[in-house]
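What follows is the residue order along each chain.
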Amino acid sequence: MKRIDALRVITELGADLPVVATCAATSRELAAVEDRDNHLYLLDSMGLTTSVGTGLALACDGTAVSHVITIDGDGSLLMNLGALATGGYLAPAPMLVVLLDNGVYASTGNIPTQAGRIDLGAVAAACGLNVVATDTADGLRTELATMLGAPGPHLLHVRIERGNEPGTPLLLDDPVVLGHRFRSWLTARLEGGAR
Amino acid sequence: MSLPERRRAGVVAALREMECDFIAYVPSNTIADIITGLEKDGPTTFPVSREEEAVGIIGALPLAGKFGAIVMQDNGFGNALTALTTFAVAYHLPLLIVANTRGGLGEYNSMIHAISENVPAMLGASGIPVFSLDRRTGPEDWKGTVAEAGKHARMTHRPVVVLMEFFETAEEAA
């Protein structure tokens, strides 16, 4: 499965939920699949995605927003592996990380990460997250739907192919505009009423 | 209660009264009383493994209409700088950081000066406002400055830092 195929499934199931995407090619490809108000693109915050998702999950806990989908990569997560420890420690119910693991820094020349030898799903499980692994689009659709039906914290470990989708446009929007758009969407949902 | 204890209590009171939703910390012996004070009676307060993690978690709160603070030591700003600039500054996300200082007068660790003495210049060069507290003012000023720094972060939609120097002269400590 290519990354963009995984992002199509996530976009399909996460249409009504906040979705945070890690930097570079992942954010660009997500925006290319569909650029929506519920997407937060982290344009250059290396390693910060799962932490940002944890903060949003804390803020959404006990509200009408049931889950926050965080799309991280193996290279990005390895830059801030402590994020899994904190996520497991705080264990906000809306936390749902989709880890797209291709074993390389695909955005920077397919340089290998440690994930080629380390099972990041096992690390997340040791931190107390509910972990399920898959490597197909159908498996991703089934497992993501299951996780969205139950409180987290979850981590869906998705093995994907190396490489980026050719011809994907750069994301050149001002981060302030992207953040404002996402905030407006999310706060309207939160004001919709607590569970 | 000693003067440093009253200053710490003033910081705790300011953080409580500004209605933070969450506070993340990376510990330091000098500010342990601030952390335990917040854990005892304050907003939800929790540890993180490194300072950039705190910037990610607390920086995300305004995107959900909430607000938070970070309690840390100033030698962690090196860890936090990329997160502060590419996330909190770039996306205009308000957050308050209160940090005790290590470099400078009274510091016993010869190595820590190399980062801590440069923190104000480093933050200034990154466009992050810094307000400093030290032995020359009392607990009410410490409390008032932290409270106003929280307002400043919200008003300017940016991260704001308060640096707290706990050094006292021998006469003051007596």
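Just so it is clear, the structure is predicted and the values come from calculations on it, not from any experiment.

Reading the values: the criteria
- Residues numbered from 1 in each chain as written.
- Chains lettered and ligands numbered in written order.
- Predicted model: local features only at pLDDT ≥ 70, side-chain atom pairs only at ≥ 80, totals over all residues.
- Heavy atoms only, no water.
- Helix = DSSP H or I, 4+ residues; strand = E, 2+ residues; numbered from the N terminus.
- Rg over C-alpha atoms; globule rule 2.2 N^0.38 Å.
- Buried < 20%, exposed > 50% of the residue type's maximum accessible area, 1.4 Å probe, protein only.
- Areas by Shrake-Rupley, 256 points an atom, 1.4 Å probe, with all protein chains shown as cover.
- Contact = heavy atoms within 4.5 Å.
- Buried area = accessible area lost by both parts, 1.4 Å probe.
- Polar contact = N/O pair within 3.5 Å; in protein donor to acceptor, adjacent residues only side chain to side chain.
- Nonpolar A, V, L, I, M, F, W, Y, C, P; charged D, E, K, R; others polar.
- Pairing = 2+ DSSP bridges.
- Axes fitted to C-alpha atoms, helices over the stretch in contact; angles between N-to-C directions.
- Parallel < 35°, antiparallel > 145°, perpendicular 65-115°, else oblique.
- Left-handed = near helix turned anticlockwise from the far one by under 90°.
- Core = buried A, V, L, I, M, F, W, Y, C linked by side-chain atoms within 4.5 Å.
- Phe/Tyr/Trp six-rings, centres within 6.5 Å; stacked < 30°, edge-to-face > 60°.
- Salt bridge = Lys/Arg side-chain N within 4 Å of Asp/Glu carboxyl O.

A. Spotlight on the overall build of chain A. A tally of helices and strands in chain A yields eight helices and eight strands. Computed over C-alpha atoms, the radius of gyration of chain A comes to 15 Å, within 12% of the 16 Å expected from 2.2 N^0.38 for 195 residues, which places it in the range of a compact globule. Expressed as a percentage of its 195 residues, the buried residues of chain A come to 55%. Counting every atom, chain A has about 7,600 Å² of accessible surface; 52% of that belongs to carbon and sulfur.

B. Highlighting the interface of chain B and chain A. Residue-level contacts link 23 residues of chain B with 29 residues of chain A. With both sides pooled, the region where chain B packs onto chain A buries about 2,100 Å², and carbon together with sulfur makes up 72% of that total. Considering only the surface of chain B that becomes buried against chain A, Glu53(B), Leu63(B) and Tyr91(B) emerge as the three largest contributors, covering 31% of it. Along the contact surface separating chain B from chain A lie five residue pairs in polar contact (both at pLDDT 80 or more). The greatest single-element share of the side of chain B that touches chain A, amounting to five residues, is contributed by helix α3 (residues 51-60) of chain B. Broken down by class, the residue content of the side of chain B that touches chain A amounts to 14 nonpolar, six polar and three charged.

C. Geometry of α3(B). Burial within α3(B) is extensive, with ten of its ten residues counted as buried. Among the residues of α3(B), those classed as buried are Glu51(B), Glu52(B), Glu53(B), Ala54(B), Val55(B), Gly56(B), Ile57(B), Ile58(B), Gly59(B) and Ala60(B).

D. Representation of the sheet that holds strand β1 (residues 22-25) of chain B within the structure. Residues and elements named next belong to chain B. Strand order in this open sheet of six strands is β2-β1-β3-β4-β6-β5, and the pairing throughout is parallel. Where the open sheet ends on each side, the last strands, each with one partner, are β2 (44-47) and β5 (130-133). Across the sheet, the axes of successive neighbouring strands diverge by a mean angle of 20°, strand direction being ignored. Bridge count for strand β3 (residues 68-73) against strand β4 (residues 95-100) is five bridges, and the pairing is parallel. Bridge pairing links Met 72 to Ala 99 in β4. Taken strand by strand, helix α4 (residues 77-89) contacts β3, β4 and β6 (159-164), and its axis lies near 155° from that of β6.

E. Fine view of the packing of helix α1 (residues 3-17) of chain B against helix α7 (residues 139-156) of chain B. Residue and element names in this part refer to chain B. Remark: α1 packs on α7, axes separated minimally by 8 Å, with the N-to-C direction vectors making an angle of 25°. The angle between α1 and α7 places the two elements in the roughly parallel class. At the point where α1 passes α7, the crossing takes the right-handed sense. Taken together, the residues of α7 that come into contact with α1 (itself represented by Leu 3, Arg 6, Arg 7, Gly 10, Val 11, Ala 13, Ala 14, Leu 15 and Glu 17) are Pro 139, Trp 142, Lys 143, Val 146 and Ala 147.

F. Structural context of the nonpolar core. Counting 60 residues, the largest nonpolar core has Val52(A), Leu56(A), Leu186(A), Phe46(B), Phe77(B), Leu84(B) and Ile97(B) as its most contacted members. The element contributing the most residues to this core is α4(B), with seven residues. The contact partners of Leu186(A), leaving out residues within four places of it in the chain, are Pro18(A), Leu56(A), Cys60(A), Val65(A), Leu63(B) and Ala64(B). Val11(B), Leu38(B), Ala69(B) and Ala149(B) belong to the second-largest nonpolar core, a separate cluster that totals 26 residues.

G. Spotlight on the pairing of strand β4 (residues 95-101) of chain A. Residues and elements named next belong to chain A. Most of β4 is tucked away, with seven of its seven residues classed as buried. Burial of the side chains of β4 extends over both faces: Met 95, Val 97, Leu 99 and Asp 101 are buried on one face and Leu 96, Val 98 and Leu 100 on the other. When strand β3 (residues 68-73) meets β4, the two strands line up parallel, connected through six bridges. Residue Asp 72 lies in a different strand from β4, and its bridge partner there is Leu 99. Strand direction decides the pairing type here: β4 and strand β8 (residues 154-159), joined by six bridges, are parallel. When the sheet's bridge partners are listed, Leu 100 is paired in β8 with Val 158.

H. Here's a closer look at the sheet that holds β3(A). Residue and element names in this part refer to chain A. Overall, parallel pairing links the six strands, which are arranged β2-β1-β3-β4-β8-β7 in an open sheet. Taken across any chain shown, the strands that pair with only one partner, and hence form the sheet edges, are β2 (39-41) and β7 (130-134). Each adjacent strand pair in this sheet contributes to an overall mean axis angle of 20°, direction not counted. Direction of pairing for strand β1 (residues 19-21) relative to β3: parallel, over a ladder of three bridges. Its bridge partner lying in β3, Ala 21 is registered against Ile 71. Contacts between helix α1 (residues 3-13) and the sheet are confined to β3 and β4, with β4 contributing the most and set at about 160° to the helix.

I. Looking closely at the packing of aromatic side chains. Residue and element names in this part refer to chain B. Counted by the stated rule, this structure contains two aromatic pairs over all chains. Look at Phe 87 and Tyr 91: their rings are 5.6 Å apart centre to centre, the planes differ by 55°, and that puts the pair in the tilted class. In this structure Phe 87 comes out as buried when scored by relative accessible area, which is 0%.

J. Seen up close, the pattern of salt bridges. All names here are of chain A. In this structure the tally under the stated criterion is 15 salt bridges over all chains. In this structure, Glu 165 engages Lys 2 in a salt bridge whose closest nitrogen and oxygen atoms are separated by 3.0 Å. One end of the pair, Glu 165, is in the loop between β8 and α8 (175-190); the other, Lys 2, is in the segment before α1, with 163 residues separating them in the sequence. A salt bridge links Glu 34 to Arg 36; the nearest nitrogen and oxygen atoms lie 3.5 Å apart. The exposure class of Arg 36 is buried, given its relative accessible area of 15%.

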